[in-house]
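The lines below spell out each chain.
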Amino acid sequence: MIGGVFIYNHKGEVLISRVYRDDIGRNAVDAFRVNVIHARQQSRFPVVNIARTSFFYTKRSNIWLCAVAKQNINAAMVFEFLNKMIDIMQSYFGKISEENVKNNFVLIYELLDEILDFGYPQNSDAGVLKSFITQQGVRPVTREEQTNVTSAVTGQIGWRREGIKYRRNELFLDVIESVNLLMSQQGQVLSTHVAGRVAMKSYLSGMPECKFGINDKITVENRTKNPGDSTNPTNNSTANNSTNPTTTTTAATTKTAIAIDDCQFHQCVKLSKFESEHSISFIPPDGEFELMRYRTTKDISLPFRVIPLVREIGRTKMEVKVVVKSNFKPTLIGQKIEIRIPIPPNTCDVQLLCMKGKAKHKSSDNAIVWKMKRMGGMKESQLSAEIELTPNDKKKWNRPPISMSFEVPFAPSGFKVRYLKVFEHKLNYSDSETIKWVRYIGKSGLYETRS
Amino acid sequence: MPNIRGDAMRGLAVFISDIRNCKSREAELRRINKELTNIRQRFRADKTLDGYQKKKYVCKLLFIFLLGHDIDFGYMEAVNLLSSNKYTEKQIGYLFISVIMNSSSEMKQLIIQNIRNDIQSRNPIFINLALQCVANIGEREMATAFTNEIPRLLISGDTIDPVKQSAALCLLRLHRTSPDSLQLNTEWTARIIHLLNDQHLGVATAAVSLIDALVKRNPDEYKGCVNLAVSRLSRIVTSSYTDFQDYTYYFVPAPWLCVKLLRLLQNYPPPDDPSIRSRLNECLDTILNKAQEPLKSKKVQHSNARNAVLFEAINLIIHMDCESTLLVRACNQLGQFLQNRETNLRYLALESMCLLAASEFSHEAVKKHQETVINALKSERDVSVRQRAVDLLYAMCDRSNAEDIVQEMLTYLETADYTIREEMVLKIAILSEKYAVDYKWYLDIMLKLIRIAGDFVSEEVWYRVIQVVVNRNDVQSYAAKIAFEALQAPACHENMIKVAGYILGEYGNLIALDPRSTPMIQFELLHSKYHLCSPTTRSLILSTYMKFINLFPEIKQHVQDILRHDSNFRSSDVEIQQRATEYLRLSEICSPTVLATVLEIMPPYPEKQSPLLVRLKQKKPLMEAEPSGETPTTPGAHTDDGPKLADTAIHLNQQHQQQQQNGLLVSLDTIESNGHYNESTSYSLPSSSVPSAAPLQSAKKLLFKNSDIIFENDIIQIGIKVEIMKSILRVEFYYGNKTNSNLTNMSSSISLADELDPDLRINMEPIKSSIDPKAQIKQAGTIECIKDYGNLPKMNVAFFYSNVPQKIDFPLPLYINKFIEKAEMDSNNYFLRWRNLDKPDQECQKIFPAKFPMNHNECSQKLDSFGWSDLAGIDVNADNFCGAGILHTTAQQIGCLYRLEPNKQAKMYRLTIRTSKGGVAARLAELLEDQF
């Protein structure tokens, strides 16, 4: 179990220190600072063991967040908790920075008291926490509110309170995917996967029950076997989106169905129903939340292809040519494209020439950074660089991969929302009255090509 | 241009402040990367930079390097800076080079060339920069490159003083780092020595340091320096402080030079020339006189400088150790310091006095301060000073004041600091023994010591007490008496119990007549402490009990009861259990006369150096003023009959163990010693244990056996043991070391006749690299037969015996029959197969004369152990032998049938072998033909 949580600034000064268990001594705080933050060699491991104590840490901007445990504890759980804690803090006071942490330290201690109990993680939903940990002063709480809070924390539907009312029932759904790729020099895909998540923002009255359909292979196949039992998806279920799936013949749906390797859901999703019928139905929390996360590895359409060409001319010169090809429908436009080409550390001068966008030699990072604001589908662009080197016979440069970042308005995995329906039995608004917005965003994760 | 920018190097200042402002390591790294790229751009070959820019960038590189990043370029630019004419640029260049010395030899040559240019230049500032750089790098290359140039600078007439000073110090540094590569021309010796007379005191000071180092290397060559040093010293000492403007330090004329000169003189014995000697004495006298003068300044620097010279002078006086007046004066001076307020001064005074006490001239003078020293011991706050006081007391002790000093030390011991207690105990023990007139006094002191300092009494101390008692007849009864009294105290330290136990065991009978200490009371008193002691003490007490049986037969019953008691007889401690058992048996079965012999009083110990002194020297080899050095001079009554006894105290324990080894443990013992190395013979059958059999003769040994010695000479014995599993043999080699020294670098390998087409697959575990004397090591492994073979594999063993490499090659007697498995069959089957194998190369028949008596059973046994079966009752003639076997190889299984027909009249045998594979029959027949 987590023995304690510490927050440090970039210098290693302790901003927050909360110890939950007696097995964590006072010197644990210093041990981490000395061995990790101030270590001569930068630590590359997310978990460090010092004197039989494990330190799990992440770094956000200049802030170190560290959980300590003496026992053999599930590391994935700890990191999940740390990330959740960052989310909570962000939703309370925005960016995590030293100043913000200092300004909100009372709040952070209050939160830490609530989300960890004797080292065991508790309810860490920002929405629920906000209902009873507020940043206003103490105010008298009505009995009704008290019961609400109690039922929210202890009840069956802990994530939603009753009696919510909206004039306009709206529902926003974002499919956000990040593509990870490692490609060899010759253009062979060495490894690739997509980590996606479905984020929702709901402004619905009452206790609505939602049903959510995707083009997952299993669901689609189920449907083709017994087409009678499933509700027919309608057009307005996924309104307002150009790339939404249209109801087509079953043959077409099988074609576009995707294989999801694994997925996980928000606690509001009824897992029993998912297991038996493979349908995702849930009562959404009010406001923002992450409905599901998933991962796919097959049939990923890579939005961009980077073709590098490196030529070393003698000991003092090098030529680099990089071609980028966009590989999606011409009607779509990719944005925020940035290609980072590492160059040897003994570079002394770089001459750049590019057809599109802006390229710059960033000497502080030993890299060429090539930026393009936008790029249409099925286009191609090229950059060529001449690099002058100072002769260095010490060690050979080991050519780190070229990395790329971008944003495209579709899901590279082929993930599609088939339908999203809302049922509310008590209040009389129907599925067709709610306004739904669906958006697809494909981002780059670690998108690398070896040069 | 430089005038406008000045020499400020703003870019450097900005860069440094940028780095300082970086919030994180990453930011710092980014800034540095950026700067490095910038510098690389500037340093590109085709661009020209002026000196100022070069200097600035080299500075930045230096700063980056000092931050801990690697610098792999810019050396060339730095070296270029060396040839600049501007001081600042040259300086930065030298700084860079002395901090980041590149190891590439090309660069080094360039640097050395530049330095040489500067050393040969006319500009003294440049020469000094170059010398500083040489000294800072101080490598072997530098020493060899400038072994002539720098001394020449030092002795040449036209170099100016600061350069000479630097040159002397640079030489000193080179001499320290690589003394062998710096070869000074002997012609220069005189001129170097003459530097002591240099007008410039700075040069002289630097030269003294250098000469001091050179003298340590070669004292004879620089002998001439003594005269010069003395005259120089006298000139400084006698002159007033106003004479040396720059070199007067708080009213003390040239203190550093004085101290160094005095040190230099300590390298030599007192000068022989009377004039020089008297001059030196005058100097020392003056220094001592000056110490008496009132202080010229209240400042601490003044007194420090003055005292530094004074202490060095006293050191020289002690070193010369011939002028009694000086020694006594020095002693008095130090006596004054003993009451000084400065702790450091008191410490130094005590330390120097320790040395003075060792001198015959000043010993008496030191003794005058006994009172003060004892006071210091009691009142001093600093433990290190108290430690010195103890040392001094120890050093100044002689027969006249021994009793006082020992008494004082003993009283102080009760409150003494824990860190010095053990040493004090040793010192008290040594002093009280050494100066004891009356050994009763000695015993009193020692028992008191053990009582007071219990835990800090090391083993040697109480061993020594017992040695003294055993060796001196006159104190034995007194010892028994006071030991008995000491035991009566309610709380006794364990060391006390040990001493008392031993003494009562030996001499308890001497006080038995006293009604207060009858045998029974003694016994009960001792036994009341028994259960509070550790096992080692208990075993000692058990021996005492045993001795009691001899001394007082009347309490035998009680002793036996205790020996029989479960806590002893079945003690978990092996030693106690064994003693209890053996003593009990001894007391039960032996007659009183035998007992009396066995348990006789211990004989006196042989006299050797006191273990206490050995121990004291171990404890602190350097801090002691050697007290034994004064023994010839002190009127010593202790020389002959003093208890200078055994080196290691042999007490009952050891004697006891010897008894065991000779008696009861003999059987076990022999097993153990045999087990070491003779094991290799233990499995060999008696017939073959002719140890000196040459390897080739023994080659066919393994034919009928599965274990044998396959090689033996004076150094090593190699045995083998095999176990058959079809086509795989499990092999164990035993290497026995027959010598009394280690065999090291052991290696062994097995090579096949045909490496390319191996018929055996050998897989041995690695052998241990060394064998202890008379020990044996084992090497296991497997050998697999791939196909049938005729040539034996060769075994190669190599090792070092007393550093001489030894190599042994011999054929490994691993015959093919080892892979034969017995096959049983009835006569029909046998003859059916026999007839099937009728091709010419499948059969081999040999007729040979009998070598051994023709005994049916022996033959049968041999055939059986050869590996195949001996099927009786198949052949019509009962005298004939028939049998079958399967030869397992990885490739195939080969059936083998044989028939051996003895002809007793002709004393001949006929052997017929048929095998399913051609050629194998011939090989088998070859193996067997001379074996019957």
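An account of the accompanying structure is given in this report. (Residues numbered from 1 in each chain as written. Chains lettered and ligands numbered in written order. Predicted model: local features only at pLDDT ≥ 70, side-chain atom pairs only at ≥ 80, totals over all residues. Heavy atoms only, no water.)

Across its full length, chain B holds 41 helices and 15 strands. Counting over 932 residues, chain B shows a buried share of 51%. If you sum the accessible surface of chain B, you get close to 43800 Å²; carbon and sulfur atoms cover 50% of it. (Helix = DSSP H or I, 4+ residues; strand = E, 2+ residues; numbered from the N terminus. Buried < 20%, exposed > 50% of the residue type's maximum accessible area, 1.4 Å probe, protein only. Areas by Shrake-Rupley, 256 points an atom, 1.4 Å probe, with all protein chains shown as cover.)

The subject of this paragraph is the interface of chain A and chain B. Taken together, the 23 residues of chain A in the interface contact 15 residues of chain B. Counting the surface lost from both chain A and chain B, the interface buries some 1500 Å², and carbon and sulfur atoms represent 41% of this. On inspection of chain A and its partner chain B, the count reaches one salt bridge. Residue Glu 26 of chain B is joined to Lys 59 of chain A by a salt bridge in which the shortest nitrogen-to-oxygen separation is 3.8 Å. Between chain A and chain B we count seven residue pairs in polar contact (both at pLDDT 80 or more) in total. (Contact = heavy atoms within 4.5 Å. Buried area = accessible area lost by both parts, 1.4 Å probe. Salt bridge = Lys/Arg side-chain N within 4 Å of Asp/Glu carboxyl O. Polar contact = N/O pair within 3.5 Å; in protein donor to acceptor, adjacent residues only side chain to side chain.)

The next subject is the packing of helix 11 (residues 161–177) of chain B against helix 13 (residues 201–217) of chain B. Residue and element names in this part refer to chain B. Running from N to C, helix 11 and helix 13 point in directions that differ by 25°, and their axes come no closer than 8 Å. Here helix 11 lies roughly parallel to helix 13, going by the angle between them. The two elements helix 11 and helix 13 meet at a crossing, and its hand is left-handed. For the pair helix 11 and helix 13, contact is made by Asp 161, Lys 164, Gln 165, Ala 168, Leu 169, Leu 171, Leu 172 and His 175 and by Gly 202, Val 203, Ala 206, Ala 207, Ser 209, Leu 210, Ala 213, Leu 214 and Arg 217, respectively. Taken together, the residues of the contact of helix 11 with helix 13 sort by class into ten nonpolar, four polar and three charged. (Axes fitted to C-alpha atoms, helices over the stretch in contact; angles between N-to-C directions. Parallel < 35°, antiparallel > 145°, perpendicular 65-115°, else oblique. Left-handed = near helix turned anticlockwise from the far one by under 90°. Nonpolar A, V, L, I, M, F, W, Y, C, P; charged D, E, K, R; others polar.)

A few words on the sheet that holds strand 3 (residues 707–712) of chain B. All names here are of chain B. Taking strand neighbours across the sheet as the criterion, the five strands line up as 3-4-5-8-7 in an open arrangement whose pairing is antiparallel. Since the sheet does not close on itself, it has two edges, and those belong to strand 3 and strand 7 (760–764), each with one partner. Here the average twist between neighbouring strands, direction ignored, is 25°. With nine bridges joining them, strand 5 (residues 728–737) and strand 8 (residues 776–785) adopt antiparallel strand pairing. Within the sheet, the bridge partner assigned to Arg 730 lies in strand 8 and is Thr 782. (Pairing = 2+ DSSP bridges.)

Our focus in this paragraph is a nonpolar patch on the surface. Residue and element names in this part refer to chain B. Nonpolar side chains collect at one region of the surface, where Leu 66, Leu 95 and Val 99 lie side by side and expose about 260 Å² of accessible area between them. Counting through the fold element by element, Val 99 comes out in helix 6 (residues 87–99). According to the relative accessible area criterion, Val 99 is partly exposed, its value standing at 35%. (Patch = residues over 30% accessible without salt bridge, like charges linked within 9 Å, V, L, I, M, F, W, Y side chains within 5 Å.)

Position of Phe 852 of chain B among the secondary structure elements: in the loop between strand 12 (843–849) and helix 40 (856–866). Sequence spacing of Phe 852 of chain B and Lys 907 of chain B is 55 residues, and the spatial spacing of their C-alpha atoms is 9.4 Å.

The subject of this paragraph is a negative patch on the surface. Judged by side-chain charge, Glu 371, Glu 403, Asp 404, Asp 438 and Asp 444 of chain B come together as a negatively charged surface patch. With respect to the helices and strands, Asp 438 of chain B occurs in the loop between helix 24 (418–434) and helix 25 (439–453). (Lys, Arg positive; Asp, Glu negative; His and termini not counted. Charge placed at Lys NZ, Arg CZ, Asp CG, Glu CD.)

Moving on: the nonpolar core. Residue and element names in this part refer to chain B. Ile 115 and Tyr 545 are the most contacted members of the largest nonpolar core, which has 225 residues in total. Tallying contributions element by element places helix 13 first for this core, with eleven residues. Shared between two domains, this core holds at least three residues of each, these being domain 1 (308–376) and domain 2 (397–599). Contact partners of Tyr 545, with chain neighbours within four places excluded, come to Phe 523, Leu 526, His 527, Tyr 530, Val 559 and Ile 562. (Core = buried A, V, L, I, M, F, W, Y, C linked by side-chain atoms within 4.5 Å. Domains from an automatic or database assignment.)

The relation between two aromatic rings is expressed through the spacing of the ring centres and the mutual angle of the planes. Under the criterion given, the structure shown has 38 aromatic pairs over all chains. When the centroid spacing of 6.4 Å and the interplanar angle of 65° are considered together, the rings of Phe 282 of chain A and Phe 289 of chain A count as edge-to-face. For the pair Phe 548 of chain B and Phe 552 of chain B, a centre-to-centre distance of 5.4 Å together with 40° between the ring planes defines the contact as tilted. Phe 548 of chain B gets classed as buried once you look at its relative accessible area, which sits at 0%. Residue Phe 552 of chain B is classed as buried on the basis of its relative accessible area of 3%. Sitting above the plane of the Phe 172 of chain A ring, Lys 201 of chain A keeps its charged end 5.8 Å from the centroid. The side chain of Arg 538 of chain B reaches across the aromatic face of Tyr 530 of chain B, ending 5.4 Å from its centre. (Phe/Tyr/Trp six-rings, centres within 6.5 Å; stacked < 30°, edge-to-face > 60°. Lys NZ or Arg CZ within 6 Å of the ring centre and 35° of its normal.)

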